[in-house]
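Spelled out, the chains give:
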Amino acid sequence: DHPSVADALNEIGTHGMIRPALEKIAGVNPGLVEMTAITAAYGATDQFWHPDVISMGSPAKYARNFLPSYSLFITLQDTTAEMGATGVCPGTYQCGNEDATDTCETY
């Protein structure tokens, strides 16, 4: 409900490069079903490979798909090499295995 959330969504939705890309993926005026903010505490230890979605809802596990799910990763601050990297392991949302380490380490 904080005004900064509406401001951020508006900025993303009207951005000259982001909006056309999103429309190619989701069509014109798509609905937002869920929004998640992922944060890390200052000085937090490194994280292991993990999914940011619940593997129990994986279409690979249940042979059906509830809704297409797309993730858009946007940093809300300038990032530096000292902060560490964020890795992405495409396709793991389809895995029924909660431990993504084996898949992502060989990717």
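Residues numbered from 1 in each chain as written. Predicted model: local features only at pLDDT ≥ 70, side-chain atom pairs only at ≥ 80, totals over all residues. Heavy atoms only, no water.

A. Local environment of the overall build of the protein chain. From N to C terminus, the protein chain includes four helices and zero strands. The secondary structure elements of the protein chain, listed N-terminal to C-terminal, are α-α-α-α. Taking the contacts inside the protein chain whose residues are at least 6 apart along the sequence as the reference set, 57% of them involve residues at least 24 apart. Carbon and sulfur atoms make up 56% of the accessible area of the protein chain, which amounts to about 9,500 Å² in all. (Helix = DSSP H or I, 4+ residues; strand = E, 2+ residues; numbered from the N terminus. Contact = heavy atoms within 4.5 Å. Areas by Shrake-Rupley, 256 points an atom, 1.4 Å probe, with all protein chains shown as cover.)

B. Seen up close, the environment of Cys-89. Locating Cys-89 in the fold gives a position in the loop between α3 (59–62) and α4 (101–106). With relative accessibility at 9%, the residue Cys-89 sits in the buried group. Sequence-wise, Cys-89 and Trp-49 are 40 residues apart; in three dimensions their C-alpha atoms are separated by 8.7 Å. (Buried < 20%, exposed > 50% of the residue type's maximum accessible area, 1.4 Å probe, protein only.)

C. Structural detail: the pattern of salt bridges. Summed over all chains, the structure comprises one salt bridge. With a closest N to O distance of 2.9 Å, Glu-23 and Arg-19 form a salt bridge. A residue pair is termed a helical-turn pair when its members lie 3 or 4 positions apart in one helix, as Glu-23 and Arg-19 do in helix α2 (residues 18–26) at four residues. A residue is classified by how much of its surface remains accessible, and Glu-23, at 27% relative accessible area, is partly exposed. (Salt bridge = Lys/Arg side-chain N within 4 Å of Asp/Glu carboxyl O.)

D. Highlighting a nonpolar patch on the surface. Judged by side-chain polarity, Val-5, Leu-9, Leu-32 and Met-35 come together as a nonpolar surface patch covering roughly 360 Å² of accessible area. Mapping Leu-32 onto the fold places it in the loop between α2 and α3. Classification of Leu-32 as exposed rests on a relative accessible area of 58%. (Patch = residues over 30% accessible without salt bridge, like charges linked within 9 Å, V, L, I, M, F, W, Y side chains within 5 Å.)

E. Examining the confidence of the model for the protein chain more closely. Looking at the protein chain as a whole, its pLDDT mean stands at 74, while 66% of the residues score no less than 70. Across the protein chain, α2 holds the top mean pLDDT of 88, while α3 sits lowest at 57. (pLDDT = per-residue confidence, 0-100.)

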